[in-house]
Amino acid sequence: MSTVRLTMAQALVRYLAAQRIESEGQEMPLFAGVFAIFGHGNVAGLGEALYHVRDALPTLRAHNEQTMAHAAIAFAKAHGRRRMMAATSSIGPGATNMVTAAALAHANRLPVLLLPGDTFATREPDPVLQQVEHFGDPTITVNDCFRPVSRYFDRITRPEQLLTSLPQAIATLLDPEHCGPATLALPQDVQTFAYDYPEAFFAPRVHRLRRPQPDPRELEAAIAALADAERPLIIAGGGVHYADACARLADFAQTHGVPVAETQAGKGVLPDVHPCAMGAIGVTGSEAANRLAEQADVILAVGTRLQDFTTGSRALFERDDLTLVALNVGRFDSLKHRAVPLTGDALDGLTALDIGLAEWRASDGWRERAGSLKRAWAEVVARVTADDGRDLPTDAQVIGAVNRQAGEDGTVVCAAGGLPGELHKLWQCAGPGSYHVEYGYSCMGYEIAGGLGVKMARPEREVFVMVGDGSYLMHNSELATSVMLGHKLVVVVLDNRGFGCINRLQQATGGAGFNNLLADCRSVPEGAPKTDFAAHARALGCRAESVRGIAGLEQALVRARQASGTYVIALDTDPLPSTEEGGAWWDVAVPEVSEREQVRQAYAGYCEAKQRQQR
Ligand SMILES: Cc1ncc(C[n+]2csc(CCOP(=O)(O)OP(=O)(O)O)c2C)c(N)n1
Ligand SMILES: [Mg+2]
């Protein structure tokens, strides 16, 4: 057996560079690159190794470990989990900065390879800088924080462990069911230790995504459940995108006359103009989708985790007389909510259902009802997103302006605040690829970094990041990375001077306006200063301007489209309104006792709403 003597870090990057993927009929590197912030713990070992493979596996310098990992995750999501990136940090704070990103990838079932540096395996120089020292267990380091938020975790304490661990990590990243973050903690001394690795380990390897086939008996039961349906509804989740099943689902819906509602991750499966597209479902859903969900006799959930925003906290459609069929690549998800499970790939599962259901169609009355609900909802969207000339526009009006400018080739990116709910309800998708909202973890600060990852994955698209003042202030430094790398973003900052959506939630649960809007926060007597977001963005190298009202925004968006680099537009918005139409109940626990009358009233309403929740 021929071998090659390499350090553990050299072997690691060589292996990563040799992994390839077949996607869209083409073969390409599985890893597009490695985001890296060096420090002690990765600069000498992994840094030296990355230098030597920098053409095959580019290293990209970012500004914050959490957000560079967000960019890597967004890249993978925009590639439908077929391509991905790694992110490496120093030990200690660099590593723990990535824990939030790991959780985000875990919740959203998205692949990212995390390579945090770790303290010395030999422990010879202990305690080293940034080592927290666990008194009772010297095997614990801060990287153990990654365990509950990683789908695969290992600490490589000997160089030869890579031979067995790396293939498992890659398999996890590519597994449609278990997809999520893989973390390999890399003690800094072990990164530098040499070993005689078999040459064969580094042979180029072409991966193809597995498509687990549905079990024939499960399929039979699912077909039987659907064949009796007169009032069916499909709920499409992110899994439809990841299985590349959007076109198949559109055909299935059309053939069988089934209206389709979309979750946050599923939004864009159908273009909004598709006759079966009913828009968003659930707490942030359209009137059309939610009324159908209430009245459906069978719901076919495809590729969705059925989280509380989708099910209206289990009060929207989980009636005793409803049959839920769950087509999902993961048993964990297909078994939820007492569904009739159909565990398997969404594309092949839909094909099998289509064949099995033959001439079956939803009733004429149900299809007509869906059509009229769709038309009525389109009128609502047009009304609430239209400019009425006010000085402080609503989020909905800003969404309308950006949506008009985004056209066919735009992608909107968002994650937290009031915007994701409004976008889910109101954004009109041109089709798959036009909507990228991270709402599994809804992590403030994902927006700009996520936009960067989307642009890296889809350079041909114009990427529109919509971000609140709160999220912008939490994480904005990857704007500088977008400028440095030449990955253009159009960023619209909606400055409502505070955490608008949490202020609304606080009021809805009977709370006093407190510690959310800047005006309600402890501050110097003259109040919190107004942030000049445009000046801030200019300081990071962007082109930027502040505008007033929707008319000003529309003109700025035209300039932003024409610009060659990242362009930031800031405008003041109204923190109070959100779209009343559509929506469903969301379970947010209200205090059982309080001195405030408003809380007592909210609690009474809460108890009443709880009655409708299925246990
Ligand atoms: C990292 C993180 N911290 C806290 C929260 C809870 N949270 C959700 S939205 C929000 C406020 C967001 O403010 P902003 O970006 O200005 O959006 P707005 O609510 O004003 O639309 C907060 C604090 C979160 N989702 N993520
Ligand atoms: Mg805000």
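Here, every reference points to the structure presented above.
Criteria and thresholds
Residues numbered from 1 in each chain as written. Chains lettered and ligands numbered in written order. Predicted model: local features only at pLDDT ≥ 70, side-chain atom pairs only at ≥ 80, totals over all residues. Heavy atoms only, no water. Salt bridge = Lys/Arg side-chain N within 4 Å of Asp/Glu carboxyl O. Helix = DSSP H or I, 4+ residues; strand = E, 2+ residues; numbered from the N terminus. Buried < 20%, exposed > 50% of the residue type's maximum accessible area, 1.4 Å probe, protein only. Donors = N, O, S within 2.8 Å, 3.2 Å for Na, K, Ca; no water. Near = heavy atom within 4 Å. Polar contact = N/O pair within 3.5 Å; in protein donor to acceptor, adjacent residues only side chain to side chain. 1 Å grid on protein atoms, 1.4 Å probe; cavity = no way out; pocket = protein on both sides within 12 Å on 5 of 7 lines; lining within 4 Å. Sits in = over half its atoms within 2 Å of the grid points. Pairing = 2+ DSSP bridges. Right-handed = clockwise from strand over helix to strand, strands pointing away. Points joined across faces, edges and corners; volume = space filled by probe spheres on them. Axes fitted to C-alpha atoms, helices over the stretch in contact; angles between N-to-C directions. Left-handed = near helix turned anticlockwise from the far one by under 90°. Contact = heavy atoms within 4.5 Å. Nonpolar A, V, L, I, M, F, W, Y, C, P; charged D, E, K, R; others polar. Lys, Arg positive; Asp, Glu negative; His and termini not counted.

Caption draft 1: Summary view of the pattern of salt bridges. Inspection of every chain in the model, using the stated rule, returns 29 salt bridges. With a closest N to O distance of 2.4 Å, Glu-287 and Arg-291 form a salt bridge. Here the residue Glu-287 and the residue Arg-291 both occupy positions in helix H11 (residues 287-295), the gap between them amounting to four residues, near one helical turn. Taking relative accessible area as the criterion, Glu-287 reaches 30% and is therefore assigned partly exposed. Across the pair Arg-548 and Asp-391 runs a salt bridge, and its minimum N-O distance is 2.9 Å. Residue Arg-548 is located in the loop between strand E22 (543-547) and helix H23 (549-562), and its partner Asp-391 is located in the loop between helix H15 (364-385) and helix H16 (395-406); the two are separated by 157 residues in the primary sequence.

Caption draft 2: The arrangement of the coordination of the magnesium ion (ligand 2) in detail. For the magnesium ion (ligand 2), the full set of protein donor atoms is Asp-469 (OD), Asn-496 (OD1) and Gly-498 (O), at a range of 2.0 Å. For Asp-469, a relative accessible area of 6% puts it in the buried group. Judged by relative accessible area, Asn-496 falls into the buried class, the value being 9%.

Caption draft 3: View of the site of ligand 1. Not every one of the 15 residues close to ligand 1 is listed here, only the nearest: Ser-442, Asp-469, Gly-470, Gly-500 and Cys-501. Between Ser-471 and ligand 1, the recorded distance is 2.9 Å, taken from a backbone N or O atom to an oxygen atom. Within the backbone of Gly-498, a nitrogen or oxygen atom sits 2.9 Å from an oxygen atom of ligand 1. Comparing atom positions with the cavity grids shows ligand 1 to sit within the largest pocket.

Caption draft 4: Up close: the pairing of strand E18 (residues 410-414). The buried fraction of E18 is high, at five of five residues. The alternating pattern of E18 places Gly-410, Val-412 and Cys-414 and Thr-411 and Val-413 on opposite faces, both of which are buried. As paired elements, E18 and strand E20 (residues 462-468) share four bridges and run parallel to each other. For Val-413, the partnering residue across the bridge sits in E20 and is Val-465. Pairing of E18 with strand E19 (residues 435-437), which is carried by three bridges, proceeds in the parallel orientation. Pairing of Val-413 across the sheet is with His-436, part of E19. With helix H17 (residues 419-426) bridging E18 and its parallel neighbour E19, the resulting β-α-β unit is right-handed.

Caption draft 5: Representation of the layout of surface pockets. Estimates place the volume of the largest pocket at around 1200 Å³. Cys-501, Arg-504, Leu-505, Ser-578 and Trp-586 are, among the 42 residues lining the largest pocket, the residues nearest its centre. Put simply, the parts of the chain that give the lining of the largest pocket at least two residues each are H17, helix H19 (469-474), helix H21 (500-508) and helix H24 (597-610). A per-element tally of the lining of the largest pocket places H21 first, with six residues.

Caption draft 6: Structural view of the packing of helix H1 (residues 8-18) against helix H6 (residues 162-174). Where H1 meets H6, the axes come as close as 11 Å, and the angle between the chain directions of the two elements is 35°. Of the two elements, H1 crosses H6, and the hand of that crossing is right-handed. When H1 is examined against H6, the residues Met-8, Ala-11, Leu-12, Tyr-15 and Leu-16 are found in contact with a partner set consisting of Leu-162, Leu-166, Pro-167 and Ile-170. For the contact of H1 with H6, the residue count by class is nine nonpolar, no polar and no charged.

Caption draft 7: Representation of empty space enclosed by the protein. Summed over all chains, the structure comprises two cavities of 30 Å³ or more. The calculated volume of the largest cavity comes to roughly 600 Å³. At the level of elements, helix H5 (99-108), H6, helix H9 (238-242), helix H12 (308-311) and strand E16 (323-328) are the ones that each hand at least two residues to the lining of the largest cavity. Counting residues per element, the lining of the largest cavity draws most heavily on H9, which supplies three residues. The computed volume of the second largest cavity comes to approximately 50 Å³. Within the lining of the second largest cavity, the residues separate by chemical class into four nonpolar, one polar and four charged.

Caption draft 8: View of H1. Counting buried positions along H1 yields eight of eleven residues, so the element is predominantly enclosed. Where H1 is concerned, the buried positions are Met-8, Ala-9, Ala-11, Leu-12, Val-13, Tyr-15, Leu-16 and Ala-18.

Caption draft 9: Spotlight on the side chain of Glu-478. Within the secondary structure layout, Glu-478 lies in helix H20 (residues 478-485). Comment: no salt bridge for buried Glu-478; closest opposite-charge side chain is Arg-61, at 7.1 Å. In this structure the side chain of Glu-478 is engaged in a polar contact, spanning 2.4 Å, whose partner is the side chain of Thr-481. Among residues more than four places away in sequence, those in contact with Glu-478 are Ala-62, His-63, Asn-64, Thr-67, Met-68, Ile-448, Ala-449 and Leu-452.

Caption draft 10: Representation of unusual backbone geometry within the structure. Cis rather than trans, the peptide bond between Asp-126 and Pro-127 has omega equal to -10°. Topologically, Pro-127 is positioned in the loop between strand E7 (112-118) and strand E8 (152-155). In the Ramachandran plot, Gln-130 falls in the positive-phi region, its phi being about 75° despite a non-glycine side chain. Position of Gln-130 among the secondary structure elements: in the loop between E7 and E8. A relative accessible area of 33% means that Gln-130 is categorised as partly exposed. Backbone geometry places Glu-133, a non-glycine residue, at a positive phi of 60°.

Caption draft 11: How the structure looks around the sheet that holds strand E3 (residues 26-29). Across the sheet, which stays open at both edges, the three strands sit in the order E3-E2-E11 with mixed pairing between neighbours. The open sheet terminates on both sides in strands that have one partner only, identified here as E3 and strand E11 (205-207). Across the sheet, the mean angle from the axis of one strand to that of its neighbour is 35°, orientation sign disregarded. Judged from the three bridges that link them, strand E2 (residues 19-23) and E11 form a sheet pairing that is parallel. Counted as the bridge partner of Ile-21 is His-207 from E11. Across the face of the sheet, H1 comes into contact with E2 and E11 while running at roughly 20° to E2.

Caption draft 12: Spatial organisation of the pairing of E16. Counted residue by residue, E16 has five buried out of six residues, so it is predominantly covered. Where strand E15 (residues 298-302) meets E16, five bridges bridge the pair, whose relative direction is parallel. Following the sheet pairing, Leu-300 is matched in E16 by Val-325. Both E16 and strand E17 (residues 340-343) contribute to a ladder of four bridges, which runs parallel. Considered in E17, the bridge of Asn-328 is made with Thr-343.

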